[in-house]
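# Residue-level structural notes
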Amino acid sequence: MTASIQAVRGMNDILPSETSIWQHIEHIFRQTLNSFGYQEIRLPIIEKTELFKRSVGEATDIVEKEMYTFEDRNGDSLSLRPEGTAGCVRAGIEHGLLYNQTQRLWYMGPFFRHERPQKGRYRQFNHCGVETYGFAGPDIEAELILLSARLIQQLGLSSAVTLEINSIGTASARQAYLTALRAYLTEHTEALDEDSRRRLTTNPLRILDSKNPGVQAVLNHAPNLSDYLEETSRAHAASLQNALTQLGIPFRINPRLVRGLDYYSDTVFEWLTNDDVAQNAVCAGGRYDHLVEQLGGKPTPACGFAFGMERLILLMQSSGQALQTHVPDAYMLSVDSASHCRALQIADQLRKSHPTLCLMVHAGGGSLKNQFRRADRSGAKMAFILGEQEMQDKTITLKSLREDLPQRTLSEPAFFAEIHQLLATQPRGVLSS
Ligand code: ATP
Ligand code: MG
């Protein structure tokens, strides 16, 4: 036998039994984003490597270790997108969407990072990202956080997550802080792990993010970023906190929240799961006022966030939310090619007049007994039968597959009237016997 080929490690198939929860989440995202007046933007999955080097930053884990980078046939260096903000800004500049106007945008789709695969961490994963441009004040952060809270609530996850916020100030404030932080940490290099020592020269701010208890102990006495913030950053942060309080959105200030990407300034925030799990961030975002300019556009204030869809789904599953699988309303059985043809026609007519109805017509022949077995396995609530007698009399037999009700044989017009009647009394417009 020929050896079978497996999927690439960390890149998962989403099987039919799982797609209904994906569709459910995607539907809620689309609906809620729409209700806040956000517009969808669709971006390429591959961008020039330079884009991520210039935006995410050369000294970040993403660019240093996690990107899928390859040479195009003409020698250009390209990368599978590891995140969406850079591409969104690139497109915004390229198509003149950012200059002298405001934008509220969102996108959804796959992203790629060569990380060590584990629960909630994959090499291909899905984001729903939201980006706003042209808003300098904290009112947009309040709106974005409200929007993320609404999405979480719509998914039934409000009690499963906590919001953490911080301000990382301006680049110049961070520079002053970094000098102090580096000096302090250099005195304690013996207590740092290998990763943190490396970051001491490349990206010291990221050390604040370390999960290593030894490193955290050293950090307890490190200088505080908040002491270095400029007055405008403090006022911005205070105003956002005030808005969140007024909106009734609980939050925790985490002075060590810095985010792993270089392009943030002032506000950063994350939604974390309350369970003590390794992969605990379900949504992360913040302000990135300098990125547009850094990528060649005119200075434009910007702010956004991204949800990790797989982690939301894991959370929904662990919080016991039932997975609704899509089952047909009815399954049509027939006995030969003529009755099968009639079944296809009737089903099509019904679907045309009732687009929410899900009807499956049996294919592949076989005895009625076998067809009933398939009908049952499909989860359908009803069977519509077109046997020899029904063909002769131009009738259709209805049989409930889930309840012990007598079966009924109806003329075609009576059958259509019956289905119409059944659907009219169903709130979701689907059949129930
Ligand atoms: P983490 O600290 O968990 O590595 P991150 O800071 O690298 O997260 P972001 O780049 O901010 O993550 O992406 C936003 C969200 O996308 C994260 O909060 C998380 O929910 C999700 N995410 C990030 N990387 C992965 C991955 N490899 N697999 C699945 N989801 C991911
Ligand atoms: Mg990461």
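Further up the page is the structure itself.
Counting restarts for each chain, with residues numbered from 1 along the sequence as it is written. To read the labels, note that chains go from A and ligands from 1, taken in the order they are written. This being a predicted model, a pLDDT of at least 70 is required before a residue's local features are given, and a value of 80 or more before pairs of side-chain atoms are given or counted; all residues contribute to the totals for chains, interfaces and linings. Excluded from the side-chain calculations are hydrogens and water; all other atoms, namely the structure's heavy atoms, are used.

### Considering the overall build of the protein chain
Basically, it comes down to this: Going along the chain from the N terminus, every DSSP run of H or I of four or more residues is numbered as a helix, and every run of E of two or more is numbered as a strand. Computation of the radius of gyration draws on C-alpha atoms, with the globule rule given as 2.2 Å multiplied by the number of residues to the power 0.38. Burial status follows relative accessibility: with a 1.4 Å probe on protein chains alone, a residue under 20% of its type maximum counts as buried, one over 50% as exposed, and anything between as partly exposed. Note on contacts: a residue pair qualifies if any of its non-hydrogen atoms lie within 4.5 Å across the two residues. Accessible areas in this description were obtained via Shrake-Rupley with a 1.4 Å probe; residue shielding takes into account the shown protein chains only.
Along the protein chain, the regular secondary structure elements total 15 helices and 16 strands. A globule of 433 residues ought to have a C-alpha radius of gyration of about 22 Å, yet the protein chain, at 28 Å, is considerably larger. With the C-alpha coordinates aligned to their principal axes, the bounding extent of the protein chain is approximately 90 × 60 × 45 Å. When burial is assessed residue by residue, the protein chain has 48% of its 433 residues classed as buried. Partitioning the contacts of the protein chain with sequence separation of at least 6, the portion at a separation of at least 24 is 70%. Surface summary for the protein chain: the accessible area is close to 21,900 Å², and the carbon and sulfur share equals 50%.

### Observations concerning the sheet that holds strand β15 (residues 395–400)
Keep this limit in mind: Whether two strands pair comes down to DSSP finding at least two bridges between them. Axis geometry follows a simple rule: fit a line to the C-alpha atoms, using only the stretch in contact for helices, then measure angles between N-to-C directions, giving values from 0 to 180 degrees.
One open sheet accounts for five strands, arranged β13-β12-β14-β15-β16; its pairing is mixed. The strands lining the two open edges of the sheet, one partner per strand, are β13 (359–361) and β16 (408–411). On average, adjacent strands in this sheet sit at an angle of 25 degrees to one another, irrespective of strand direction. When strand β12 (residues 330–334) meets strand β14 (residues 382–386), the two strands line up parallel, connected through five bridges. In the strand pairing of β14, Leu333 is matched with Ile385. Contacts from helix α12 (residues 337–353) reach β12, β13, β14 and β15, with the element oriented near 165 degrees to β13. Sheet strands in contact with helix α15 (residues 412–424) are β14, β15 and β16, and its direction is about 110 degrees off that of β16.

### Focus: the site of ligand 1
Keep this limit in mind: Nearness is defined per residue: one heavy atom within 4 Å of the molecule or strand is enough. The definition of a polar contact used here is a pair of N or O atoms within 3.5 Å, where within protein one atom must be able to donate a hydrogen and the other to accept one, and adjacent residues in sequence count solely through side-chain atom pairs.
Close contacts around ligand 1 come from 15 residues, with Arg113, Glu115, His127, Arg259 and Ala281 the closest. Contacts to ligand 1 include Glu115, whose side-chain N or O atom sits 2.6 Å from a nitrogen atom. A distance of 2.9 Å separates a nitrogen atom of ligand 1 from a polar atom in the backbone of Tyr122. Out of a free accessible area of 580 Å², ligand 1 has 88% covered by protein chains.

### Points about the environment of Ile419
One can find Ile419 in helix α15. A C-alpha to C-alpha distance of 50 Å links Ile419 and Arg113, two positions 306 residues apart in sequence. Non-local contacts of Ile419, meaning those with residues more than four positions away in its chain, are made with Leu350, Leu357, Phe384 and Leu431.

### Digging into the packing of α12 against α15
We count it as follows: Oblique is the label for every angle not falling under 35 degrees (roughly parallel), over 145 degrees (roughly antiparallel), or within 65 to 115 degrees (roughly perpendicular). Handedness of a helix crossing follows the sense of rotation of the near helix relative to the far helix, less than a right angle counterclockwise being left-handed and clockwise being right-handed. Any residue outside Ala, Val, Leu, Ile, Met, Phe, Trp, Tyr, Cys, Pro, Asp, Glu, Lys and Arg is labelled polar, Gly included; the first ten of those are nonpolar and the last four are charged.
Running from amino to carboxyl end, α12 crosses α15 at an angle of 40 degrees, the nearest separation of the two axes being 11 Å. By the angle between their axes, α12 is oblique relative to α15. Between α12 and α15 lies a crossing of right-handed hand. On α15, the residues that touch Arg342, Ile346, Gln349 and Leu350 of α12 are Glu412, Phe415, Phe416 and Ile419. Partitioned by chemical class, the residues of the contact of α12 with α15 number five nonpolar, one polar and two charged.

### Some remarks on unusual backbone geometry
A positive phi angle, near 50 degrees, is found at Asp266, a position not held by glycine. The topology assignment puts Asp266 in strand β9 (residues 265–273). Assessed through its relative accessible area of 12%, Asp266 is described here as buried. Of note, Lys394 is a non-glycine position whose phi angle comes to about 55 degrees, a positive value. With respect to the element layout, Lys394 can be found in the loop between α14 (388–393) and β15. Residue classification places Lys394 among the exposed positions, given a relative accessible area of 59%.

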